[in-house]
Amino acid sequence: VSPVTAMIFRMIIDFYKLNPKNVLLISFRNSSLDMFSIESLKVMPKSYDRYIEKLFFISPTGKIILNRIKKFNKKFLIYATSSYREVNWVLNDNMCLGHIYIEEGQASYMNWKPYAYNKMSLLTKIKNNWKNRIYKTDGIGNFYRDDAYAFIGISNESFPSIESSKKFLVKNFNDIKKYYKPIHMGIHNIGLTCADRRLDKSQWKEMFEKLAREMNYNGVIKLHPSFNVPKSKFKEIKTLFNSFNFSDLKLSPNNCIIELEMLYEEKYIYGPKTSIERYSKVFGSNFKHVKLY
């Protein structure tokens, strides 16, 4: 679902020596899979899928994923970032052995306690499905199911509510350099947009203007992955950015992974609250908060 997810799963494959032939990668939000030479499936939900999901309690994208998995004719495990619709849908299959959560970003540092999905009432499941919310306002959270086998991250601070026996860390960052060539060497200013759900479309222009001013109109701006789908949304926000005609400020390509760019040289990151602030400290870069919403 995000570049950092791809980075961590690449590390998992190498650290645990998983056989690439036994791996199927699922790309959401058009996330880049350039670090992999592994069978993959890019899932691009249609605009009307969410209505089908709400009304009929099914997952069209989950069905696409499961149909692809079935071609392997093997029992399987799911590696995912949270218990979103597609995960819960595929977990119901009798060939699925269970699931493992991997660090995604800021959400992985929230104090969400695992919930008992199989003990939830049908009414609660229907309400959550209709709202498309994976957490409750009481903070208990419907983010992680309590029947997961493990939680894998890159920081001791990730998954704060998970018992230590289920938490595992991978820190083989140097392995990543075998698969990732930096895109922005020599470019030190990187701006980050917030997620599209944080703003109305009418506020996109102001978001770019705030970032540009903070960056002194120099560097690159990386779109949040949520702006990449559907394609019409990406086309619209790209057109808006190009209308500014910034001479020294460009959009960063989709296959750029900011966390990995910081492995190669010091960066100055500008953006809203995000897990990249944590990673910038780990990798020797700098982060400045910009209020975008």
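These lines cover the structure that appears in this document, whether it is placed above or below. (Residues numbered from 1 in each chain as written. Predicted model: local features only at pLDDT ≥ 70, side-chain atom pairs only at ≥ 80, totals over all residues. Heavy atoms only, no water.)

## Quick notes on the sheet that holds strand 4 (residues 96–102)
The four strands are arranged 3-4-5-6 in an open sheet whose pairing can be described as parallel. Each edge of the sheet is formed by a strand with only one pairing partner; in this case those strands are strand 3 (76–80) and strand 6 (167–169). Averaged over all pairs of adjacent strands, the angle between their axes in this sheet comes to 30 degrees, without regard to strand direction. Pairing of strand 4 with strand 5 (residues 150–153), which is carried by three bridges, proceeds in the parallel orientation. Within the sheet, the bridge partner assigned to isoleucine 102 lies in strand 5 and is isoleucine 152. Seen against the sheet, helix 1 (residues 3–15) touches strand 3, strand 4 and strand 5 and runs at an angle of roughly 120 degrees to strand 4. (Pairing = 2+ DSSP bridges. Helix = DSSP H or I, 4+ residues; strand = E, 2+ residues; numbered from the N terminus. Axes fitted to C-alpha atoms, helices over the stretch in contact; angles between N-to-C directions. Contact = heavy atoms within 4.5 Å.)

## Some remarks on the nonpolar core
Residues Met7, Phe9, Met35, Phe36, Ile154 and Ile269 are the most contacted members of the largest nonpolar core, which totals 37 residues. Contributing elements (two or more residues each) for this core: helix 1, strand 4, strand 5, helix 6 (173–176), strand 7 (189–192), helix 9 (258–264) and helix 10 (276–282). Here this core takes eight residues from helix 1, the largest share from any one element. Excluding its chain neighbours within four sequence positions, the residues that come into contact with isoleucine 269 are Ile190, Leu192, Ile258, Met262, Ile276, Asn286, Phe287 and Lys288. Grouped together as the second largest cluster of nonpolar side chains are 20 residues, Met207, Met215, Tyr270 and Leu292 included. (Core = buried A, V, L, I, M, F, W, Y, C linked by side-chain atoms within 4.5 Å. Buried < 20%, exposed > 50% of the residue type's maximum accessible area, 1.4 Å probe, protein only.)

## Description of the layout of surface pockets
Here the second largest pocket defines a volume of roughly 880 Å³. Forming the boundary of the second largest pocket are 35 residues, of which Phe9, Leu24, Leu77, Ile78 and Tyr79 lie nearest the centre. Put simply, the parts of the chain that give the lining of the second largest pocket at least two residues each are helix 1, strand 1 (25–27), helix 3 (60–70), strand 3, helix 4 (85–91) and strand 4. It is strand 3 that provides the largest number of residues to the lining of the second largest pocket, a total of five residues. (1 Å grid on protein atoms, 1.4 Å probe; cavity = no way out; pocket = protein on both sides within 12 Å on 5 of 7 lines; lining within 4 Å. Points joined across faces, edges and corners; volume = space filled by probe spheres on them.)

## Observations regarding the pairing of strand 3
A one-sided burial pattern is seen for strand 3, the buried positions being Phe76, Ile78 and Ala80 and the unburied ones Leu77 and Tyr79. As defined by bridge partners, strand 3 adjoins strand 4 across five bridges and the pair is classed as parallel. Its bridge partner lying in strand 4, isoleucine 78 is registered against histidine 99. Note that the unit made of strand 3, helix 4 and strand 4 has a crossover that is right-handed. (Right-handed = clockwise from strand over helix to strand, strands pointing away.)

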